[in-house]
Amino acid sequence: MAAAAAGLSWRRVSSSTGPVPRSRHGHRAVAIRELVIIFGGGNEGIADELHVYNTATNQWFLPAVRGDIPPGCAAHGFVCDGTRILVFGGMVEYGRYSNDLYELQASRWLWKKVKPQAPSTGSPPCPRLGHSFSLYGNKCYLFGGLANESEDSNNNVPRYLNDFYELELQHGSGVVGWSIPVTKGVLPSPRESHTAIVYCRKDLGSPKMYVFGGMCGCRLNDLWELDIETMTWSRPETKGTVPLPRSLHTANVIGNKMYVFGGWVPQSAGGEISTHDGEWKCTGSFSYLNLDTTEWIGLISDCQEDKSNLLPGPRAGHCAVAVGTRLYIWSGRDGYRKAWNNQVCCKDLWYLDTEKPPAPSQVQLIRATTNSFQVKWDEVPTVEGYLLQLHADSPVPSVAGVPGTGVPETSVLSSKGPQTSANVGELHDLDKRTVNPDASVSSIVSSTQTMVTQQAVKTESSSTNGAVVKDETSLTTFNSKSEAAETAYIMPSTRVNTGQTNDSHSSKTPQRQMAPVKTRDRQWYDVGIFKNNSAVVSQFYLLPEETLSISNKMESADVPDYRLLKKQDLFPGTVYRFRVAAINGCGVGPFSKISEFKTCIPGFPGAPSTVKITKSVDCIHLSWEPPASPSGNILEYSAYLAIRSTQLQENPSQLVFMRIYCGLKTSCIVTAAQLSNAHVDYTSRPAIVFRISAKNERGYGPATQVRWLQDMKTSSSK
């Protein structure tokens, strides 16, 4: 138990903004992506507001709900199916329970009272509280609860239930009706304030519902399993120490574990559990059941002291919800003062990371200069920071261009051979309103879209790359076959394994090959720990990775004091490899795949930026911002379009580009005739690919690549 608890790192949330809901118990919570949605509960009256906590921004808010707004309720059923939430039953006032069903469309914050059909055999569920309401597929499973046998709400005659119902849902919105499944085996005994979760093993496709604990005159700690496919109840044999009998606890599934926290447990006297359950207390104990092996593992015991307030205090009637692999716990009754007229509720919000975070996406380059990079990577949900590392190859010699050829040139990006130093990004067709928040986009201005440009990573390429002539009937071939170990993605669906073009060389001009760097000689260095998913990199710390004392726990004492370390500036014309790992309460997760970028060579222009695409009826308009040029002059720009070709059909990884513009303007028109010949790239989302580069007295600099996202109708007409 002590060893298991030592691995926990609870975090108490502080400094949240927005209207924090008043503390309560008997409320329920679900998660929709990063949002925790809380409804109901009571503390000096039953709450009827809907509260939302944004885990990404640490902000509470009250959505403006409308429609058939339900009355406040406590100890109700509360499940989430996509972006709709279902509420069933609960206590609406003392002694009066409900069997109403409401649906909330969270995308519009619209409430609707729904009336499911009655079961073909038997009666619909009676009003109740403390029942379990579990979702699997298109069905909700209702079990047990507490009913009031008296018609007079002031005269409460409790009746514990063990009835079992199935509620079929319609797709998207609405319900079909209730049914009473015919089950096999022995039903669990009547109970209320228990928990029920549904779990399906990855290797075995049969979903199971697990019912644990509850109250039926005394508190329970029995575990029941329902095979949903065969509708068979059973009592699985478990290993390990079973948690104490309890009610008003929570159970949440994360991965293959059911985490059980808190609740009312019998008060032990001299180490013995009271058989009459006359004395009880709140607990802060924490365990999980491995649902694959049915083994209980204790993490925090009922008697564990917490003098430093590093753990959530004892409580019951709280809510717990999983956001990814992070478990959140909020409020609940602390149980220290039992007087009915003086209920004491916890006000705190806690979370626990149950697993190390996954690897982030590869590092993406937004902009490069001669001695710095502006980089970003995709956000990883529920993390506390990111560790960014790099290692450097020896400086790569400049590749001199052939003067006067008027053909784009780029520098060698990798020591293994010629590489593209291309900025890469995605644009959406705004007229079709297909803007996706996952795209690499910084802003939308009127009818155009502004792109955050990205630079490509290392790819394999051959000496045949770069045959270019000026007229648009000629073709440029780019090899975009990436190394399997170092393929990069700009966004989850945006591939950047673009090929190299050293367009200052004709196909007859040999390109310089550099000696490969041995993997075992590579040394990783810290750039730093960043709270957000972006960084400007101009230096790195010289302490090598193996001597860094960043433990798996990432405790403050183990984080190196970067102020005491020597720093190294980045060099021009040098290849740097990057990787990033996310950090949460469990420590540093695995590193991303490796990305590779090269600082700019002095004298050449940078890549054009802020590319915009505006669609007209019969053409599109491309525009861009001029890049920095050491001489201050830009002699011309070239724009290219990836086109269909027989060569591309034979080798889909090798894009073929046609030059569609060459001139001084920072914009061009792409005609419908040119677009009709465009290749639609399916390496991620369907897109038409453009490249734009600038030339000064020394030659062409790196190209900016733009993926103009297409809808399926457009892409299917390829």
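Since the structure is predicted, the reported quantities are computational estimates derived from the model, not experimental observations.

## Observations regarding the overall build of the protein chain
Turning to step 1, where the next piece is worked out: For the protein chain, the count of helices and strands is 4 helices and 54 strands.
Turning to step 2, where the next piece is worked out: For the protein chain, the residues scored as buried account for 55% of the 718 residues in total.
Turning to step 3, where the next piece is worked out: Taking all contacts inside the protein chain whose residues are at least 6 apart in sequence as the whole, residues at least 24 apart take part in 65%.
Turning to step 4, where the next piece is worked out: As displayed, the protein chain offers around 30700 Å² of accessible surface, 51% of which is attributable to carbon and sulfur atoms.

## Considering the sheet that holds strand 19 (residues 250–254)
Turning to step 1, where the next piece is worked out: Judged by pairing direction, the sheet is antiparallel, and its 4 strands sit side by side in the order 19-20-25-26 without closing on themselves. Among the strands making up the open sheet, the edge pair consists of strand 19 and strand 26 (295–300). For this sheet, the mean angle separating the axes of adjacent strands, direction not counted, is 25°.
Turning to step 2, where the next piece is worked out: Bridge analysis of strand 25 (residues 286–290) against strand 26 gives 5 bridges, and the strand direction is antiparallel. Following the sheet pairing, Ser287 is matched in strand 26 by Gly298.

## A look at the confidence of the model for the protein chain
Residues shown with low pLDDT carry predicted positions that ought not to be read at fine detail.
Turning to step 1, where the next piece is worked out: With 74% of its residues at a pLDDT of at least 70, the protein chain reaches an overall mean of 78.
Turning to step 2, where the next piece is worked out: Note on residues 428–521: pLDDT is under 50 here. Beyond four places in sequence and across chains, it has 300 contacts.
Turning to step 3, where the next piece is worked out: pLDDT under 50 marks residues 548–557. Its contacts with residues more than four places away, or in other chains, come to 26 contacts.

## A word on the side chain of Arg128
Turning to step 1, where the next piece is worked out: Take Arg128: it is sitting in the loop between strand 10 (110–114) and strand 11 (132–136).
Turning to step 2, where the next piece is worked out: At a separation of 3.1 Å, a polar atom in the side chain of Arg128 contacts the main-chain carbonyl oxygen of Cys126.
Turning to step 3, where the next piece is worked out: At 2.8 Å, the side chain of Arg128 forms a polar contact with the side chain of Asp163.

## Brief notes about the environment of Ile297
Turning to step 1, where the next piece is worked out: Summarising the element assignment, Ile297 is placed in strand 26.
Turning to step 2, where the next piece is worked out: Along the primary structure Ile297 and Thr241 are separated by 56 residues, whereas in three dimensions their C-alpha atoms are 7.0 Å apart.
Turning to step 3, where the next piece is worked out: Apart from residues lying up to four places away in sequence, Ile297 is in contact with Ser287 and Tyr288.

## Description of the pairing of strand 31 (residues 373–376)
Turning to step 1, where the next piece is worked out: By the bridge criterion, 4 bridges tie strand 30 (residues 364–368) to strand 31 in an arrangement that is antiparallel. Each bridged residue has a counterpart across the sheet, and for Arg367 the counterpart in strand 31 is Gln374.
Turning to step 2, where the next piece is worked out: Between strand 30 and strand 31, which pair antiparallel and follow one another directly, the connecting turn spans 4 residues.
Turning to step 3, where the next piece is worked out: For strand 31 and strand 40 (residues 534–537), the ladder comprises 4 bridges, and the chain directions are antiparallel. Residue pairing in the sheet places Lys376 in a bridge with Ser534 of strand 40.

## Some details on the packing of aromatic side chains
Turning to step 1, where the next piece is worked out: Taken as a whole and judged by the stated rule, the model has 29 aromatic pairs.
Turning to step 2, where the next piece is worked out: Look at Tyr141 and Phe164: their rings are 6.0 Å apart centre to centre, the planes differ by 10°, and that puts the pair in the stacked class. Of the two residues, Tyr141 sits in strand 12 (residues 139–148) while Phe164 sits in strand 13 (residues 158–169), which places them 23 residues apart along the sequence.
Turning to step 3, where the next piece is worked out: Residues Trp264 and Trp280 carry aromatic rings whose centres are separated by 4.4 Å and whose planes lie at 75° to one another, so their mutual orientation is edge-to-face. Separated by 16 residues along the polypeptide, Trp264 in strand 21 (residues 264–266) and Trp280 in strand 24 (residues 280–282) bring together distant segments of the chain.
Turning to step 4, where the next piece is worked out: Overall, the relative accessible area of 24% leaves Trp280 in the partly exposed class.
Turning to step 5, where the next piece is worked out: Ring pairs connect the aromatic residues Trp10, Tyr259, Phe261, Phe286 and Tyr288, which therefore count as one cluster.
Turning to step 6, where the next piece is worked out: Seen from the ring of Tyr351, Arg326 lies directly overhead, with NZ or CZ sitting 3.8 Å from the centre.

The rules behind the values
- Residues numbered from 1 in each chain as written.
- Predicted model: local features only at pLDDT ≥ 70, side-chain atom pairs only at ≥ 80, totals over all residues.
- Heavy atoms only, no water.
- Helix = DSSP H or I, 4+ residues; strand = E, 2+ residues; numbered from the N terminus.
- Buried < 20%, exposed > 50% of the residue type's maximum accessible area, 1.4 Å probe, protein only.
- Contact = heavy atoms within 4.5 Å.
- Areas by Shrake-Rupley, 256 points an atom, 1.4 Å probe, with all protein chains shown as cover.
- Pairing = 2+ DSSP bridges.
- Axes fitted to C-alpha atoms, helices over the stretch in contact; angles between N-to-C directions.
- pLDDT = per-residue confidence, 0-100.
- Polar contact = N/O pair within 3.5 Å; in protein donor to acceptor, adjacent residues only side chain to side chain.
- Phe/Tyr/Trp six-rings, centres within 6.5 Å; stacked < 30°, edge-to-face > 60°.
- Lys NZ or Arg CZ within 6 Å of the ring centre and 35° of its normal.

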